[in-house]
Each structure stands twice: as structure tokens, then as C-alpha cells.
Amino acid sequence: MGVEKKEKSQPKENKVSRRGFIAAAVAGLAVGGAAGFGLSRLITPAAPPTLRQVEDIIKQRNLQPAHVVSALKTYVPGGMPDEFLMFSSGGHSGQVMVIGVPSMRIYRIIAVFTPEPWQGYGYGDVKTMKLLEKGSNGIRFLTCGDTHHPEISRTNAEYDGEWLFIGDKLNARKAAISLKDFETKDIVKLPNTQTQHGGACATPNTEYVACGSQFAAPWEPGKGYKPGKTYVKLTEQNFKEYFRGTTTFLRFDRKRGKFDLANSFQIELPPYMQDLEIAGWGPSDGWAFLNSINTELAIGGVLEGRPPLEIAASQNDFDYLHIINWKKAEQVVRQGKAKEMNGIKVITLETAIKEGILFFAPEPKSPHGCDITASGRYIVIGGKLEPLVTVYDIEKIKRAIADQRFQGEDPYGVPVLRFEDVKAAQIEVGLGPLHDEFDDKGHGYVSCFISNEVVKYTLGPPDYTGDKPFQVVDRIPIHYNIGHLATPESNSPTPKGKYLVALNKWSVDRFMNVGPLLPQNFQLIDISGEKMQLLYDMPIGIGEPHYAKMISADKVKPISVYELGTDPETFQRHAKYVEGKVGVERRQEDGRWVTEVWMTEVRSTITPDIIRCKQGDLLRLHITNIETTKDATHAFAVAEYNIMASLEPGETATVEFVADKPGVYAFYCVEFCSPLHLEMAGWLEVEPA
Ligand code: CUK
Ligand code: CUA
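What counts, and where the lines are drawn
- Residues numbered from 1 in each chain as written.
- Chains lettered and ligands numbered in written order.
- Predicted model: local features only at pLDDT ≥ 70, side-chain atom pairs only at ≥ 80, totals over all residues.
- Heavy atoms only, no water.
- Core = buried A, V, L, I, M, F, W, Y, C linked by side-chain atoms within 4.5 Å.
- Buried < 20%, exposed > 50% of the residue type's maximum accessible area, 1.4 Å probe, protein only.
- Helix = DSSP H or I, 4+ residues; strand = E, 2+ residues; numbered from the N terminus.
- Contact = heavy atoms within 4.5 Å.
- Near = heavy atom within 4 Å.
- Nonpolar A, V, L, I, M, F, W, Y, C, P; charged D, E, K, R; others polar.
- Phe/Tyr/Trp six-rings, centres within 6.5 Å; stacked < 30°, edge-to-face > 60°.
- Lys NZ or Arg CZ within 6 Å of the ring centre and 35° of its normal.
- Pairing = 2+ DSSP bridges.
- Axes fitted to C-alpha atoms, helices over the stretch in contact; angles between N-to-C directions.
- Arc of directions from axis to C-beta.
- Polar contact = N/O pair within 3.5 Å; in protein donor to acceptor, adjacent residues only side chain to side chain.
- Patch = residues over 30% accessible without salt bridge, like charges linked within 9 Å, V, L, I, M, F, W, Y side chains within 5 Å.
- Areas by Shrake-Rupley, 256 points an atom, 1.4 Å probe, with all protein chains shown as cover.
- Salt bridge = Lys/Arg side-chain N within 4 Å of Asp/Glu carboxyl O.
- Domains from an automatic or database assignment.

Enquirer: Please explain the nonpolar core as it appears in this structure.
Expert: Considering soluble globular proteins, one finds that nonpolar side chains tend to be buried as a cluster. Core analysis: the largest hydrophobic core is formed by 33 residues, its most contacted members being Phe 249, Phe 265, Ile 267, Ile 324, Ile 347, Ile 357 and Leu 358. Looking at this core, the elements that each hand over two or more residues are strand S9 (208-212), strand S11 (243-253), strand S12 (258-269), strand S14 (287-293), strand S15 (318-325), helix H9 (326-334), helix H10 (349-354) and strand S18 (358-364). The residues touching Phe 265, leaving out its near neighbours within four places in the chain, are Tyr 208, Thr 247, Thr 248, Phe 249, Trp 326, Ala 329, Glu 330, Val 333, Ile 344, Lys 345 and Ile 347. If you look at the next biggest cluster of nonpolar residues, it comprises 25 residues, including Met 599, Ile 611, Ile 643 and Val 686.

Enquirer: Explanation requested: the site of ligand 1 in the structure shown.
Expert: Around ligand 1, the neighbouring residues are His 148, His 149, His 197, Leu 276, His 368, His 435, Gly 483, His 484, Lys 505 and His 546. Looking at the shell around ligand 1, the elements with two or more residues in it are strand S4 (147-155) and strand S29 (482-486). When the residues that make up the shell around ligand 1 are grouped by side-chain class, the tally is 1 nonpolar, 8 polar and 1 charged.

Enquirer: Would you mind going over the packing of aromatic side chains with me for this structure?
Expert: Here the distance between the centres and the angle between the planes together describe a pair of aromatic rings. Considering all chains together, one arrives at 24 aromatic pairs under this definition. Pairing Tyr 208 with Trp 326 gives two aromatic rings, centres 5.7 Å apart and planes at 75 degrees, and the pair type is edge-to-face. Within this pair, whereas Tyr 208 is found in strand S9, its partner Trp 326 is found in helix H9, the two being separated by 118 residues in sequence. Taking 5.0 Å as the distance between ring centres and 40 degrees as the angle between the ring planes, the aromatic pair formed by Phe 239 and Phe 243 counts as tilted. Judged by its relative accessible area of 9%, Phe 239 is buried. On the accessibility criterion, Phe 243 (8% relative accessible area) is buried. Site record: aromatic cluster; members linked through ring pairs are Trp 163, Phe 165, Phe 252 and Phe 259. Lys 180 extends its terminal NZ or CZ atom over the ring of Phe 571, reaching a point 4.1 Å from the ring centre.

Enquirer: Please explain the sheet that holds strand S19 (residues 368-372) as it appears in this structure.
Expert: Think of a sheet as strands paired side by side through backbone hydrogen bonds, with each pair either parallel or antiparallel. Spatial ordering of the open sheet is given by S19-S20-S21-S24, a layout of 4 strands whose pairing is antiparallel. Among the strands making up the open sheet, the edge pair consists of S19 and strand S24 (423-428). On average, each strand axis in the sheet is inclined to that of its neighbour by 20 degrees, with strand direction left out of account. In the sheet, strand S21 (residues 388-393) pairs with S24 via 5 bridges, with the strands oriented antiparallel. What sits directly across from Tyr 392, in S24, is Lys 423. Along the sheet face, helix H11 (residues 394-402) touches strand S20 (378-382), S21 and S24 and points at about 55 degrees away from the line of S21.

Enquirer: What is the right way to read the sheet that holds strand S28 (residues 472-477) from this model?
Expert: One open sheet holds the 4 strands; their spatial order is S25-S26-S27-S28, and the pairing between them is antiparallel. Looking along the sheet, the strands with just one partner apiece sit at the ends: strand S25 (433-438) and S28. The sheet shows a mean angle of 20 degrees between the axes of neighbouring strands, taken without regard to direction. Across 6 bridges, strand S26 (residues 443-448) lies against strand S27 (residues 453-458) in antiparallel orientation. Residue pairing across strands places Val 446 opposite Val 455, the latter belonging to S27.

Enquirer: Help me understand H11 in this model?
Expert: An α-helical segment advances 3.6 residues per turn. Residues three or four places apart therefore align on the same side. Buried within H11 are the following residues: Ile 394, Ile 397, Ala 400 and Ile 401. When H11 is viewed along its axis, its buried side chains cluster within an angular range of 125 degrees and face the same direction. Here H11 starts with a cap whose side-chain oxygen sits 2.9 Å from the backbone nitrogen of Glu 395, and that cap is Asp 393. Where H11 terminates, the next one or two residues include Gln 404, which has phi positive at roughly 55 degrees.

Enquirer: Is there a simple way to explain the pairing of S12 in this structure?
Expert: Regular strands show a simple pattern: their side chains alternate between the two faces of the sheet. Here S12 lies mainly inside the structure; 9 of its 12 residues are buried. For S11 and S12, the ladder comprises 8 bridges, and the chain directions are antiparallel. Looking at S12, one finds that Asp 253 is bridged to Lys 258. Hairpin connection, S11 to S12: the antiparallel pair is bridged by 4 residues, and Gly 257 has positive phi, about 70 degrees. Strand direction decides the pairing type here: S12 and strand S17 (residues 344-347), joined by 3 bridges, are parallel. Its bridge partner being in S17, Gln 266 is matched across the sheet by Val 346.

Enquirer: Would you mind showing me how to read a nonpolar patch on the surface here?
Expert: On the surface, Leu 431, Phe 449 and Ile 450 cluster together into a nonpolar patch covering about 280 Å² of accessible area. Within the secondary structure, Ile 450 sits in the loop between S26 and S27. Residue classification places Ile 450 among the exposed residues on the basis of a relative accessible area of 54%.

Enquirer: What exactly am I supposed to notice about the side chain of His 149 here?
Expert: Among the secondary structure elements, His 149 is positioned in strand S4. Among residues more than four places away in sequence, those in contact with His 149 are Phe 165, Ile 166, Gly 167, His 197, Gly 199, Ala 200, Leu 276, His 484 and Tyr 547.

Enquirer: So what exactly am I meant to see when it comes to the domain arrangement of the protein chain here?
Expert: It is common to give the size of an interface as the accessible area lost on bringing the parts into contact. Along its sequence, the protein chain is carved into domain 1 (15-74), domain 2 (84-555) and domain 3 (566-687). The distance between the C-alpha centroids of domain 1 and domain 2 comes to 43 Å. Domain 1 puts 4 residues into the contact, and the matching count from domain 2 is 9 residues. Lys 73 serves as the salt-bridge partner of Asp 526, at 2.7 Å between the closest nitrogen and oxygen. Counting the contacts that link domain 1 with domain 2 gives 2 residue pairs in polar contact (both at pLDDT 80 or more). Class assignment for the residues of the side of domain 1 that touches domain 2 results in 1 nonpolar, 2 polar and 1 charged.

Here's what the structure looks like:
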């Protein structure tokens, strides 16, 4: 009675709204988000701040006018878009980061080579388990990677915003990520290759994604390299004779979102350390370029009386820029002149030389980076150990090759062009130049690791038509140890200029001390004017980014809700989705017991909420998130079983595991999706065998 009385004394609307609220929550709160926005509109906004108040804040916070300008140039209010999206490698986190520019906010971390529970990647969701398994090397299940160079799919050499590719240096793998839903769709292990560094670089219409190896792998002549099988005793002599590098041209099937090894090819390369690779357009269409280090063929061996690799690999004044005629290579493969090795057609070094596919040009000295200017005419290499940027001219390269003007051959018989014949310019920049990016006005920007700066220079015609080509025009200090840098749509025919992000390895004193392992530092620099201007320092605390690709945000057009029952791997209806079906079926399959369950998730119910099976059963759960509302993601996790799936609205996923331990285990939705999210749960009963 007392309770009733109390309730009666409450204001009437309150009672009604409370009941309505629960009813709406139970019914699924179909317009949860929208209702929230409605409420906020009822609150009277505060009066706009006066200039005086702004000045007070500047004083109180000890800011300089320059800080305020930076803040005004980078602040992006909630609800407003960033101008650019930057896809950054996550280094040895094995993932990819999606960052808005100029706000420098992280929007997504895409799971690629490393299991990631929030996305339900690698924790029982069959499609992600299979992806990681397929991308492994056949000798063990790989769960770490080292991502270096992202690439965006291209149409007529322009970034088209449909696909993102990234390589794993550690295990020579390549991944394709759809920018329709920002999920990894394929991973392949490159045959005959142990490690790769050449990036992912797409040919002008994404016919191929190319990538060179890094450390040469032991190689059986005519048979190639097989992980866990190929053994060659490591000696200096054997290294020369029986180790090989590769460059792989991976065919990519856009429709299926899969790499197609059967229609890919590979070129055997000498055991130099191949480095970054890029495929050209315009005058360099049909050609790919790859730099290299360790043409000394050193193997190290400090305890065996040889100098360390670091010293032995830095003796030569010149290493070799690899110049690859991939269009010709494609023809040679079609003519049947390639040899099948471990599931891919390989053009042997001998054939590559004979058919005029592979040429070298000297490049000083232990270089780094390999970039192409907007016109497609200049190939730009960072000097690393020389304070120089070397610019090659593809017109000169093509002419020298046509005239057969060579200075000789390398020890493997690869023709070497004369440096003077192919060089366009050398620009003295700063110490430790690594990578180059370009703007829309014919400037290059080079990262200088040792002198801690970004140096801006002019290119030559047709990229830059002013009267002082190939000259340094500006420099800006960075903090500290810059590796790559990124400008919007650089390394394509139409770079956009405006911003540059310096991807710095060290942050030292730029942020709060959060322990000896410090974040990397992304520094946003305004390049719209004559002088570069530092705008913002962004800590990166998840891994060591190498390269990043930045594109106009409006080129990327992701979906927000899947059609009901979609399998994100194919964007088709999931093979096991049956509209309206929920239930448990237990039966024998090839001599083992399988408990198969059709489940749905919707605010705030998991159906069925009790699943009973017997110990030893293979549990196969087909879970559909039947929401149609944007952002209404549910997740699914089972206690003690290491199972975690994420189900975006409309998605169907199959989760599989063996119910090997008896007991009663809670399962629940892990995304706080509704007021009754805590009630969105159930039980798995595993009856002892
Ligand atoms: S590399 Cu890391 S700084 Cu892998 Cu492109 Cu140059
Ligand atoms: Cu669905 Cu919490």
C-alpha cells in the first residue's frame, strides 16, 4: 500500500514517461539515437562567447597566438566531416589506422594481421578465423604482422577510394580491405618470399598489386622457396648462389575482393635487399621501380669474424634501382615462358634478363624510399646515407634502354644503365633523407631522419614550371626521427597539397610521460603557404606506423547498414541465413556431434537465450543482427571460452567452437546497446559427457 501511495504522489508525466521508456526499450528502441538528438534541442544554448572571453582563455591557459591559429585550423566540430582520410599502417600492431585530417582523430583501427576482439576478429567468428588461417604460412597460425605500406586502389592511376591494400613485412603477406565496410576481405602469403617490404603498390587500374621482398630467402633453383622446408646452409658463397629476392605482381579481383594467385606472376631477383616499390603512370605506365640496398651481398656474422651487416652492407657508393617492365613481364607469362613454383608463375632471373624485363640504374648509397611525381615522369629516391635526393627521368631511362646504353652488368647479368644517362637531378636536402611526397604545385617534400626536418624543394617540368627547378625552398624541424611523411593523394597524378603529416618515430618530450615505451608522433603541418607551418602533434599509442596514404574524404563511400542476413565477406546473403529462423538442431556430422543454432540479436534480446549441448559437441552458431538502424551493433561473447564476435546491423556471422568443458556459461551482448543491454544475455549449458 505504501508503495502505491508513493507512486501516486509522483508527478504524472514522470510516471508516464518512465513506463513509456521501458516499453520503448523492450520493444527495441528503434529510433534510439534520434530521440536523444530531439531532447538536446530543447535545452537553450548558452550565449556565444565574446572575444573578451576568448582572450581570457588564451591567457589562463598560457597559449600563444600561433597556438590559437593552429587550433582554429584543425578543430573540426562534432557532426562535421574531416577533409581527408588518412590510412596509416599500424606497424607491428599488425593493423591499419583510419585518421581524419585536419582533426587528427582516430576513427577506426582495422583488424588485419592481428586478432582484435572489438571487431570480433579471430575469436571464433569463422570468416575471420579462416582469413587468418589462409593468410598464415602453412606451418603455423600467424597472429602478428608488421604493416608498412598501405595503398589505395586506383582507376586511371587516381586513388578511387574502393579498396585498401597493406603488406606484412614480417611474413610476406598482403591484405585487401574493402572501404565499403572497412573490413579485411583477403590475406595471401606471397609464394617464394619470406619477408616483403616493397609495399603494396597498385598498377594504374589495380590490375596488380605489386610488392618486392625484403630479405632474400633460401631458394632451390627452379623450385623456389617453401616456408619450413627450404634449407640452404648460410654461407657467403651460398647466399650469392642460393638465396633470392622476388617481386610479386598479385592479380586482384575487385568483384570478389580476392587476390588471384593463378593469374599473378613473380619475378626472381638477385639476393639484394629489395626495398620500396612503386608502379608508374603516364610516361612511366607499364614500369615499376624498386630500390635496393646491400648490393654487397653481406650476411653479417660478427661472431664468425665478419663485420656486422650494418657496416658490410654500406660499402658500395652505389646500389641498384630496379627498373621493371611489368607489361612485358605479363606478355612473357602469357607466352608460357614462366615457371610454376609453389602456386605462382615465376619469371626466372635468367628469363627476366633475356626478355628485357629487368634493368638496373645506380643509386647512391644504401637508398630508401621510391616515389613518383604527379606527372609520372620523375622517380625520386631518398639518399639515406647521402644527404641527397636523386631524381630519375623515365624518358631518359626509356631512351637509354632503347639505345642499349649500359655501363655493364651486375654479377647476375642484369644490365646496368649509366647513372649520368638516367639522372634528372640531385638535390642536396638534409641528413638521412628517406621518403618523398608531393603537392599540387610541383613541390617535393622529403623526410630527413637524422637532421629531424622536412625539406621542401621544387621539381622540374612538367611538375614544376618555375625558373628554379630542383632547388630547396623551405625546411621545418620535426620532433623527432621522421620516417615517412604523407600528403593528400601524393604518388598519383593529382596530389592535393594543403597538409603534410610527418610520421615521427620518437616523441621524447612532446607528450606526457606514459612509461618508457612512448607513443609515436604524427605532426600535422600546413603546406598551403610558402612556408610550412606546424599545426598539431598527435600521439600514436598502438604501434609503429610506417607509411600512410591520405585521400579526399568524399572519395570514400562506406555503407552504414548491411542488408539483412549479409555475410560481409562477400556482401551477399549469408549461406546459413534463413529469414525468421531461430532454433537449436543437434545431429551427427561425419561421426561427430554438432549443435547448430540459428540466433538473432536485437535490442535487447538474444534468441535463443538458452543453448543446451553435450560436452565435445562442435557448436556452430549462425547469429544475425536483425537491426536496421545505423550504429546498432551487437556483439556476442561466451564466458571462459575466448569467444567474441561483433555483429553490425544486418550482418550474419557464424561462430564455431568445440564445447570441450562441461558447465553452465553465460553469454551476452558486449556492446552497450540499449538500457536493457545487461539483460541481453543467455546461458550455454554443456552437459558432461
Ligand atoms: S620504411 Cu619504415 S620509415 Cu618500411 Cu617505408 Cu621508411
Ligand atoms: Cu546488444 Cu548490448
